[in-house]
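# Structural characterization, general
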Amino acid sequence: MELLVLIKPVPDPDTRLRPNAAGTALDTDGVKWVLTGYDESAVEQALLLKESAPGSRVRAIAFGPAPRTEEILRSALALGCDTATWVEQPSGLVPDPMLSANALSWACQKTPFDLLVVGKQALDDEAGVVGPAVAERLGVADYGPVVDLRWDPAAGKFNLARAVEGGLERITASGPMVVCLQQAWNDPRTAKLQNVLKARRTTIDKVSWAEVQAGVGPAVPGTRLTSFRLPPPRTGAKMIAFKTPEEAAQQLVRLLREEAKTLP
Amino acid sequence: MVDFSLTEEQKSLQDLARKFAKTEMLPVAAACDRAGRFPEDVYRKAWELGLMNLNVPTEYGGSGLSVFDQCVIVEELAHACGGMTTSIIANCLALEPILLGGTEEQRKRTLPAFCSSYHLASFCLTEPSGGSDAGGLQTRCRLDGDHYVLDGEKCFITNAPHASLYTVFATIDPALRHKGITAFFVPRAAEGVVPGKDEEKMGHRASSTSTVKFDHVRVPLADRLGAEGDGFSLAMRTLDHTRTPIGALATGIAQAAIDYAADYSLKRHTFGKPIGEHQAIQLKLANMAQEVHAARLLTWHAAWLIDGGQRGSLESSIAKCFASDAAMKVADDAIQIFGGYGYMKDYPVEKLLRDAKLTQIYEGSNEIQRIVIARELLTHYA
Ligand SMILES: Cc1cc2nc3c(=O)[nH]c(=O)nc-3n(C[C@H](O)[C@H](O)[C@H](O)COP(=O)(O)OP(=O)(O)OC[C@H]3O[C@@H](n4cnc5c(N)ncnc54)[C@H](O)[C@@H]3O)c2cc1C
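Residues numbered from 1 in each chain as written. Chains lettered and ligands numbered in written order. Predicted model: local features only at pLDDT ≥ 70, side-chain atom pairs only at ≥ 80, totals over all residues. Heavy atoms only, no water.

All names here are of chain B. Taken together, 19 residues lie near the ligand, and Thr-126, Gly-131, Ser-132, Ser-365 and Glu-367 sit nearest. Here Thr-158 contributes a side-chain N or O atom positioned 2.9 Å from a nitrogen atom of the ligand. Between the ligand and the protein, one listed contact pairs an oxygen atom with a side-chain N or O atom of Ser-365 at 2.5 Å. Relative to its free-state accessible area of 970 Å², the ligand is covered by the protein chains to the extent of 65%. (Near = heavy atom within 4 Å. Polar contact = N/O pair within 3.5 Å; in protein donor to acceptor, adjacent residues only side chain to side chain. Areas by Shrake-Rupley, 256 points an atom, 1.4 Å probe, with all protein chains shown as cover.)

Have a look at this one:
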């Protein structure tokens, strides 16, 4: 089985984020870029499928600026992906999700695949566009948000489950197709030290920006970020004075009902 | 060109160690410390990821890292728990005499087992009658045909209750002092090898430490490392390689102390402002930052020298001594910044002080390090 997984460098959730001076974008100075969240779950799922179907191979594909994009591709290789493709993003270009999807779809169509896994959204902009848009571009079906995905070797088909309002929808489908994964229903592995070292010596395939433009036409972002702000700091914590735990619980219930109005 | 920046490869090793420290060690560190629990599950995971036999070359299945790379990893692990780090890197200490003094046949016979499955080894030098004066050790080895017979007792041996192999230093004749010391590797399964009960310790409580008795233990001639009388030099060369990572371990503890203290200083208010805005606290934080920065650079420098093929005894002594003293000072300052809360076990900083203390004692006490440093210094003036 040929598996593709799309990943994106996002700011380490542990770094302190702040807007740039103009308040129009994230200040990327000092930000550490990592493979995490939905994307990490997607890589894990691709690797689990690879392990369940011997002879399978996983290619990680990422679109973004150097060097951060190369770094997360190396993280994916260290986790067990077989090959990696970096789709070049020229410096100065601020892509929107549709542009990213177009660029990625060009890299995806270069080799035949059975399944393309992608996080249902990126952890930073949470746009949720790339998976369905790549599927559209490639003319294949897409499913999401998927919470369970298995390969049935006897039937040669995938069994998957989608989270829908109030329940689960089970689907049997055959590739090629795109699956947009819900986060954290698997437990992403940690790379082994030897694999981290090996991943540093692996060659990453490059798709140049010129090639992307020749393939999908001149790429101009259709949307532009006009303002970027952090949520206001939380205020208004209320300490409850109490003598007994029962009294504290009563007070808490009263406040939730009368002031916060979160209880009927 | 001198370069003080980490390579991309070193950064990815650092990331790996940091992630392991944060997700596997830190969540259980306080509970293991309180209970004196040896978290074997954590050590097994460390082994699985390749964090345990860092110095063993890849040809035997180890990680084959330079001393510098080991330091980068050890600092990150120690940031989460000094005690667990001591146990995780104890294999490096115990197997180093085999790497340095073993024949190819001996290395092939011993090392792969540690890399193909989870096993612990212990380095047995210190004895109840003394650790600093290694030339005066009393454990005897007597040649009897094609075997040696070992008799004696070792103490304060890291991981000893859980180890499957011991590297042991014994003497053919105590009157010969350094010249009589001879090294062996001895399986735990050998008859007469008796590890003692786990010691109750002040810090590093997630690590395990005990005595090991050798009672008429028969060791094949083929399990002697080097020649008779080579043992002292082998022990010293081993410690030359492992002392620098102890500097990194101390640096990790000290960095954790700064991280906790700086964060707390911005959250705790007195006299209408965060204590971090009082100058007395700022001066303390500034001093702490200087200590840690210097400790890290001294450690990196010593490691760089050793990786470049130099012995680095002097520089590794300086690094270990300075970094461990720094860890004590910085942990002490962190407690002071936390005030009364710092003294409470519900907060993380008092553990750092207890853990830092050991780094001034083991792998050559700081008094011994200073003797080495001064002796070396004076040779340039004599
Ligand atoms: C938790 C823990 C783990 C350990 N793990 C190991 C291990 O795995 N393997 C191992 O072999 N050992 C291990 N040790 C032993 C450790 O290395 C020794 O404790 C250390 O070398 C000091 O020896 P000692 O305790 O016998 O003190 P002593 O040698 O008795 O020294 C007592 C004091 O006198 C000072 N002193 C000694 N000689 C001089 C001198 N000439 N001039 C000035 N001051 C001097 C010392 O610095 C010290 O302050 C461990 C110890 C501990 C506490």
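Now, onward.
Turning next to the nonpolar core. In terms of nonpolar packing, the biggest core is built from 69 residues, with A:Val5, A:Ile7, A:Leu149 and B:Met25 touching the most fellow members. With 8 residues, helix α1 (residues 8-35) of chain B is the single largest residue contributor to this core. Residue contacts for B:Met25: discarding those within four places in its chain leaves B:Phe20, B:Val42, B:Leu77, B:Ala80, B:Cys81, B:Met84, B:Thr85 and B:Ile88. Membership of the second largest hydrophobic core comes to 42 residues, among which are B:Ile89, B:Ala323, B:Ala326 and B:Leu352. (Core = buried A, V, L, I, M, F, W, Y, C linked by side-chain atoms within 4.5 Å. Buried < 20%, exposed > 50% of the residue type's maximum accessible area, 1.4 Å probe, protein only. Helix = DSSP H or I, 4+ residues; strand = E, 2+ residues; numbered from the N terminus. Contact = heavy atoms within 4.5 Å.)

The next point concerns the pairing of strand β5 (residues 83-88) of chain A. The side chains of a regular strand alternate, first on one face of the sheet and then on the other. Residue and element names in this part refer to chain A. Burial within β5 is extensive, with 5 of its 6 residues counted as buried. Bridge analysis of strand β4 (residues 57-64) against β5 gives 6 bridges, and the strand direction is parallel. From the neighbouring strand, Gly-64 faces β5, where its bridge partner is Glu-88. Traced from β4 through helix α2 (residues 68-79) to β5, the parallel crossover comes out right-handed. Looking at chain direction, β5 and strand β11 (residues 205-207) are connected through 3 bridges and run parallel. From the neighbouring strand, Val-87 faces β11, where its bridge partner is Val-207. (Pairing = 2+ DSSP bridges. Right-handed = clockwise from strand over helix to strand, strands pointing away.)

A few words on helix α7 (residues 231-267) of chain B. In this model α7(B) runs 54 Å from its N-terminal to its C-terminal C-alpha over 37 residues, within 8% of the 54 Å that 1.5 Å per residue would give. Counted residue by residue, α7(B) has 26 buried out of 37 residues, so it is predominantly covered. (Expected span 1.5 Å × (residues − 1).)

Listed by partner, the interface residues are 19 residues for chain B and 14 residues for chain A. Interface area, chain B with chain A, both sides summed: about 1300 Å², of which 55% is carbon and sulfur. At the boundary of chain B and chain A, one finds 3 salt bridges. Applying the counting rule to chain B against chain A returns 7 residue pairs in polar contact (both at pLDDT 80 or more). If you list the elements that add at least two residues to the side of chain B that touches chain A, you get α1 and α2 (40-49) of chain B. In terms of residue count, α1(B) provides more of the side of chain B that touches chain A than any other element does, 8 residues in total. Of the residues belonging to the side of chain B that touches chain A, the class tally is 7 nonpolar, 5 polar and 7 charged. (Buried area = accessible area lost by both parts, 1.4 Å probe. Salt bridge = Lys/Arg side-chain N within 4 Å of Asp/Glu carboxyl O. Nonpolar A, V, L, I, M, F, W, Y, C, P; charged D, E, K, R; others polar.)

With that settled, consider helix α4 (residues 130-138) of chain A. Every α-helical turn comprises 3.6 residues, leaving residues that sit three or four positions apart pointing alike. All names here are of chain A. Residues Gly-131, Ala-133, Val-134 and Ala-135 constitute the buried set of α4. Contacts made by the buried residues of α4 are with β1 (2-7), α3 (97-108), β6 (115-119), β7 (141-152) and β10 (177-181). Count one or two residues on from α4 and you reach Gly-139, which has phi positive near 70°.

Both trends apply: most residues other than glycine have a negative phi, and most peptide bonds are in trans. The step from A:Ala66 to A:Pro67 runs through a cis peptide bond, and the omega angle for that step is -5°. Inspection of the secondary structure puts A:Pro67 in the loop between β4 and α2. A:Gly144 connects to A:Pro145 through a cis peptide bond whose omega is -10°. Within the secondary structure layout, A:Pro145 lies in strand β7. At B:Phe156, a position not held by glycine, the phi torsion is positive, near 60°. On the secondary structure map, B:Phe156 appears in strand β3 (residues 147-158).

This part is about the pattern of salt bridges. Evaluated as defined, the whole model comprises 39 salt bridges over all chains. One salt bridge connects A:Glu211 with A:Lys110, and the closest N-O pair in it is separated by 2.3 Å. Here the residue A:Glu211 occupies a position in helix α6 (residues 209-216), and A:Lys110 occupies one in the loop between α3 and β6, the gap between them amounting to 101 residues. In this structure, B:Arg218 and B:Asp144 form a salt bridge, with 2.9 Å as the shortest nitrogen-oxygen distance. Residue B:Arg218 is located in strand β7 (residues 209-220), and its partner B:Asp144 is located in strand β2 (residues 140-144); the two are separated by 74 residues in the primary sequence. Of the residues examined, B:Arg218 reaches a relative accessible area of 44% and is grouped as partly exposed. Take B:Asp144: its relative accessible area is 34%, and that puts it in the partly exposed class. Residues joined in a network through salt bridges with shared partners are A:Glu44, A:Glu51 and A:Arg189.

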